[in-house]
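# Breakdown of the fold
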Amino acid sequence: MPTSNVIKLLFAEEHLSASQIGKYLRCPRSHYFRYVERRTPESRASALVFGSAIHTALGYFYSAHRNHRAEPGLDELTDIFRGAWAEGLDDGPPVLFGDDEDADKLTDMGVAMLGMFLKKAPFYRDVVEVEMPFSIELADPDTGEVLPRLVGVLDAVVREKDGNYAVLEHKTAARRWTDDKLAYDNQLTLYSLAAP
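Residues numbered from 1 in each chain as written. Predicted model: local features only at pLDDT ≥ 70, side-chain atom pairs only at ≥ 80, totals over all residues. Heavy atoms only, no water.

## Section: the packing of aromatic side chains
Under the defined criterion, the tally for this structure stands at eight aromatic pairs. Where F61 meets F117, the ring centres are 5.0 Å apart and the plane angle is 85°; that geometry is what we call edge-to-face. Of the two residues, F61 sits in helix α4 (residues 46–66) while F117 sits in helix α6 (residues 103–120), which places them 56 residues apart along the sequence. Assigned by exposure class, F61 and F117 land together as buried. Arranged with centres 5.0 Å apart and planes meeting at 85°, the rings of F134 and Y191 form a pair that is edge-to-face. Pair noted here: F134 is in strand β4 (residues 126–139) and Y191 is in helix α8 (residues 186–194), with a separation of 57 residues, a long-range link. Chaining the aromatic ring pairs together yields one cluster made of F50, F81 and W85. Positioned above the aromatic ring of Y35, the side-chain terminus of R34 is 5.4 Å from the ring centre. Its guanidinium or amino end placed over the ring of Y60, R69 lies 5.7 Å from that ring's centre, counting from NZ or CZ. (Phe/Tyr/Trp six-rings, centres within 6.5 Å; stacked < 30°, edge-to-face > 60°. Helix = DSSP H or I, 4+ residues; strand = E, 2+ residues; numbered from the N terminus. Buried < 20%, exposed > 50% of the residue type's maximum accessible area, 1.4 Å probe, protein only. Lys NZ or Arg CZ within 6 Å of the ring centre and 35° of its normal.)

Set out below in structure tokens:
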């Protein structure tokens, strides 16, 4: 079964995700509207659509390595990004841009980010998986109560030059993550439970 179908099936069942948990911790009311009442958002933040388009291009990059194809160059990755970005802007609720943003500025930023990625990306011995879905059981450690399954998608699983495996998660945040955010971010903690 194609990975995209597995992901759809996992997210169709009752589950928890890092996004759900994060939204609950930031704003329980927003969590209730989105995940309990299942209201359709009236708009989407440009950062979410942009991040998704970058992830599509990086997924293409890692898939080429996993399948032993030639490494995509900047022009090829740019085409993938632009296509995903245009599709994201057109598909779904309206996209809200920040004060100093518009689609063209973010397109230019995406191309620049992909160029920097190609210059700085480390070499991995193998790319084992790309967009790897997972589903793990969670239970309350005190009561033993079984909770809904935790589901998610790892951006990539790689084997490094020394033979060790690593999970890659790419972020397109406007600011560099602080040491505290790295140490306490719930996605990193939750995904470490699912790491192969």
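## Considerations on the nonpolar core
Core analysis: the largest hydrophobic core is formed by 22 residues, its most contacted members being Y62, F81, W85 and L114. Among the elements of the structure, α4, α5 (74–90), α6, β4 and β5 (146–159) are those that each provide at least two residues to this core. Tallying contributions element by element places α4 first for this core, with eight residues. Those residues in contact with L114 that sit more than four places away from it in its chain are I54, A57, L58, L74, L77, T78 and F81. Counting residues in each nonpolar core, the second largest holds eleven residues, with M132, I136, L190 and Y191 among its members. (Core = buried A, V, L, I, M, F, W, Y, C linked by side-chain atoms within 4.5 Å. Contact = heavy atoms within 4.5 Å.)

## Side note on the side chain of T78
Looking at the secondary structure, you find T78 in helix α5. Contacts of T78, omitting those with residues within four sequence positions, involve V111 and L114.

## A few points about the packing of helix α2 (residues 18–26) against helix α3 (residues 28–36)
Where α2 contacts α3, the axes come no closer than 5 Å and their chain directions differ by 140°. One element, α2, and the other, α3, form an angle in the oblique class. Contacts between α2 and α3 pair S19, Q20, K23, Y24 and R26 from the former with P28, S30, H31, R34 and Y35 from the latter. Along the lines of polarity and charge, the residues of the contact of α2 with α3 split into three nonpolar, four polar and three charged. (Axes fitted to C-alpha atoms, helices over the stretch in contact; angles between N-to-C directions. Parallel < 35°, antiparallel > 145°, perpendicular 65-115°, else oblique. Nonpolar A, V, L, I, M, F, W, Y, C, P; charged D, E, K, R; others polar.)

## What about unusual backbone geometry?
Even without being a glycine, H68 presents a positive backbone phi close to 55°. With respect to the helices and strands, the residue H68 is situated in the loop between α4 and α5. The phi dihedral of E131 is positive, around 50°, even though this residue is not glycine.

## As for the environment of L106
With respect to the element layout, L106 can be found in helix α6. When the C-alpha atoms of L106 and F50 are compared, they prove to be 7.4 Å apart, with 56 residues separating the residues in sequence. Once residues within four sequence positions are removed from consideration, L106 is found in contact with S46, F50, F81, W85, F97 and E101.

## Some remarks on the confidence of the model for the protein
Per-residue confidence for the protein gives a mean pLDDT of 88, with 96% of residues at or over 70. Per-element averaging of pLDDT across the protein places helix α1 (residues 3–12) at the bottom with 70 and α5 at the top with 96. (pLDDT = per-residue confidence, 0-100.)

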